[in-house]
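# Observations on the model geometry
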Amino acid sequence: MSDLSRLEKWVKDHPFLHELAQLEKVIWETQAGFSVPEPVLPDWAVVEEDYRRGMPLLRSEKINLPVATPAGELTAQLIRNCTVGDVPLELRQACETMAGFFAANTDPGRQVAAKLLQDDLPGIDALATAGGVNPGLLYFFGWTALRRVLTPYLAAFDAWRDDDVWQRGYCPGCGALPVMAQLTKRGKGKERLLVCNCCGLKWGYPRIVCPYCATDDQYKLAILEPEEEEHFRLDVCKNCQSYIKTYKKDGNEAVALADWATLHLDVLGRERGYKKMGSSLLAL
Ligand SMILES: [Zn+2]
Ligand SMILES: [Zn+2]
């Protein structure tokens, strides 16, 4: 089954996600039609020391990946395609405003990508104010484009890095907090991976430790099992009042590990009094 048919099946079972799925389809089509430049891979050894002391790759001053320009182009394409695609009306109108801003200025897409790479969120806000556009949408489309353009670099970085050295609650690629986790088969048992919603990296993390406050107090950690989603659960922490959505299976990752696809589980977490702590792109 292709990712697209899995997406369609998911929406059939979760009709309230129809509009977000339409947006996701436009994103997938645009990403698929974009040719990502051949990566010029650095020698990862230059970031070894930074990596060992917990510095995410994109935050390291030792490295400067040439991704801002292509990510900027892809950001502009995504926004343009959302003005004509079958996406929710309100979003289409916001994208029209953004497309106007992009057409009238010198390369705002590249600026968005550069600011995201530097984690300069006030810079994104300033850019959004100058263009009269929604900063949350710049952030969303900017990361969506960067994730695609970074893929070959992060795949190589992931192959190089030692997961056992990291063991931190934030992403080794970009430093964001995870919004999803996955319990994946490893040997005879299961390993817990945390999933970055921004750059898309996954990394290993102990199963009985809160990724947000690092408590390993078993009396503070609990599991909520949603009635209608047998393949998912929420791992909650009573120390920092957080939850993380967890996919308990392998397969269908393109849908199951996407934040938007399990928004109903966020509702459950909130209803039980827990907070979403991860770096979500959906808080628009
Ligand atoms: Zn990341
Ligand atoms: Zn916690």
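Residues numbered from 1 in each chain as written. Chains lettered and ligands numbered in written order. Predicted model: local features only at pLDDT ≥ 70, side-chain atom pairs only at ≥ 80, totals over all residues. Heavy atoms only, no water.

## A look at the packing of aromatic side chains
For clarity, the threshold we go by: When two rings of Phe, Tyr or Trp (its six-membered ring) have centres within 6.5 Å they constitute a pair, described as stacked for plane angles under 30 degrees, edge-to-face for angles over 60, and tilted for the intermediate range. Either the NZ atom of lysine or the CZ atom of arginine qualifies as a charge over a ring when it sits within 6 Å of the ring centre and within 35 degrees of the ring normal.
Taken as a whole, this structure holds 10 aromatic pairs when the rule is applied. An aromatic cluster is present here, built from Trp44, Tyr51, Phe157, Trp160, Trp166 and Tyr170 joined pairwise through their rings. Note that Arg168 overlies the ring of Trp166, its terminal NZ or CZ placed 5.7 Å from the centroid.

## A few points about the domain arrangement of the chain
When the parts of a complex come together, some accessible area is lost, and that lost area is often used as the size of the interface. The condition is simple: Here the bounds of each domain stem from an automatic or database domain assignment. Contact definition: two residues touch when any of their heavy atoms are within 4.5 Å. Throughout, the accessible surface (probe 1.4 Å) given up by two parts as they are put together, summed over both, is called the buried area. Here a salt bridge means any side-chain nitrogen of Lys or Arg lying within 4 Å of a carboxyl oxygen belonging to Asp or Glu. The definition of a polar contact used here is a pair of N or O atoms within 3.5 Å, where within protein one atom must be able to donate a hydrogen and the other to accept one, and adjacent residues in sequence count solely through side-chain atom pairs. A run of H or I in DSSP becomes a helix once it reaches four residues, and a run of E becomes a strand once it reaches two; helices and strands are each numbered from the N terminus.
When the domains of the chain are assigned, the result is domain 1 (15-161) and domain 2 (164-276). Residue-level contacts link 23 residues of domain 1 with 22 residues of domain 2. When domain 1 packs against domain 2, close to 1800 Å² is buried across both sides, 67% of that on carbon and sulfur atoms. Put simply, domain 1 and domain 2 have zero salt bridges between them. Counting the contacts that link domain 1 with domain 2 gives nine residue pairs in polar contact (both at pLDDT 80 or more). Counting only elements with at least two residues in the side of domain 1 that touches domain 2, the list comes to helix H2 (18-33), helix H3 (48-52) and helix H8 (135-160). If one sorts the elements of the side of domain 1 that touches domain 2 by residue count, H8 sits on top with seven residues.

## Thoughts on the pairing of strand E5 (residues 232-237)
Rules: The rule is simple: take the accessible area with a 1.4 Å probe, protein chains only, and divide by the maximum for that residue type; under 20% is buried, over 50% is exposed, in between is partly exposed. Two strands qualify as a pair provided DSSP detects at least 2 bridges between them.
In terms of residue burial, E5 counts as a mostly covered element, since six of its six residues are buried. Taken together, the four bridges between strand E4 (residues 221-224) and E5 define a ladder with antiparallel strand orientation. Each bridged residue has a counterpart across the sheet, and for Leu224 the counterpart in E5 is Leu234. In terms of strand pairing, E5 meets strand E6 (residues 242-247) through six bridges, oriented antiparallel. Looking at E6, one finds that Leu234 is bridged to Lys245. The turn linking E5 back onto E6 is made up of four residues, and Gln241 within it adopts a positive phi angle of 60 degrees.

## Some remarks on the coordination of the zinc ion (ligand 1)
What counts here: Water is absent from the atoms considered, so a metal site may look incomplete; donors are defined as N, O and S atoms within 2.8 Å of the metal, or 3.2 Å for Na, K and Ca. In this scheme the shape depends on donor count and angles: four donors with every angle between 85 and 135 degrees give tetrahedral, four or six donors with opposite pairs above 155 degrees and others between 65 and 115 give square planar or octahedral in turn, and any other case is irregular.
On the protein side, the zinc ion (ligand 1) has Cys171 (SG), Cys174 (SG), Cys196 (SG) and Cys199 (SG) as donor atoms, found 2.3 to 2.4 Å from it. Geometry at the zinc ion (ligand 1) is tetrahedral, judged from its four donor atoms and the angles of 97 to 117 degrees they form at the metal. The class for Cys196 is buried, based on a relative accessible area of 3%.

## Let's talk about the coordination of the zinc ion (ligand 2)
In this structure, Cys210 (SG), Cys213 (SG), Cys237 (SG) and Cys240 (SG) serve as the protein donors to the zinc ion (ligand 2), at separations of 2.3 Å. In this structure, the zinc ion (ligand 2) is coordinated by four donor atoms arranged in tetrahedral fashion, with angles at the metal of 105 to 114 degrees. In terms of primary sequence, the donors binding the zinc ion (ligand 2) are separated according to C-x2-C-x23-C-x2-C. For Cys240, a relative accessible area of 13% corresponds to the buried category.

## Overview of the nonpolar core
The test is simple: What makes a nonpolar core is a set of buried Ala, Val, Leu, Ile, Met, Phe, Trp, Tyr and Cys residues whose side-chain atoms join them at distances within 4.5 Å.
The biggest cluster of nonpolar side chains holds 92 residues, and the ones touching the most others in it are Phe141, Trp143, Leu146, Leu150, Cys174 and Cys199. If one sorts the elements of this core by residue count, H8 sits on top with 14 residues. Counting only domains with at least three residues in this core, you end up with domain 1 (15-161) and domain 2 (164-276). Setting aside its immediate chain neighbours within four residues, Cys174 contacts Pro56, Leu58, Arg59, Trp143, Cys196, Cys198 and Cys199.

## Points about the packing of H2 against helix H4 (residues 68-84)
To keep it simple, the criterion reads: What counts as an axis is a line fitted to C-alpha atoms, over the stretch in contact for a helix, and the angles between N-to-C directions run from 0 to 180 degrees. Angle categories: roughly parallel below 35 degrees, roughly antiparallel above 145, roughly perpendicular from 65 to 115, and oblique for all the rest. We call a crossing left-handed when the near helix sits turned anticlockwise from the far one by less than a right angle, and right-handed when that turn is clockwise.
It is the contact of H2 with H4, at a shortest axis distance of 10 Å, that shows an interaxial angle of 135 degrees. When the axes of H2 and H4 are compared, the pair comes out oblique. Between H2 and H4 lies a crossing of right-handed hand. When H2 is examined against H4, the residues Leu23, Val26, Ile27 and Thr30 are found in contact with a partner set consisting of Leu74, Gln77, Leu78, Asn81 and Cys82.

## Let's talk about H2
Since one α-helical turn is 3.6 residues long, residues separated by three or four positions face the same way. For clarity, the cut-off: Each helix should span, by expectation, one fewer than its residue count multiplied by 1.5 Å.
With 16 residues, H2 ought to run about 22 Å at 1.5 Å a step, and its terminal C-alpha atoms sit 23 Å apart, in line with that. Among the residues of H2, Ala21, Gln22, Leu23, Glu24, Val26, Ile27, Trp28, Thr30 and Gln31 are the ones counted as buried. On its buried face, H2 is in contact with helix H1 (3-13), H4, helix H5 (89-104), H8 and helix H10 (253-256).

## Here we look at unusual backbone geometry
Phi at Ala214 is positive, roughly 65 degrees, even though this residue is not glycine. With respect to the helices and strands, the residue Ala214 is situated in the loop between strand E3 (202-204) and E4. One non-glycine residue, Gln241, lies in positive phi territory at about 60 degrees. Take Gln241: it is sitting in the loop between E5 and E6. Relative accessible area serves as the criterion here: at 31%, Gln241 is assigned to the partly exposed category.

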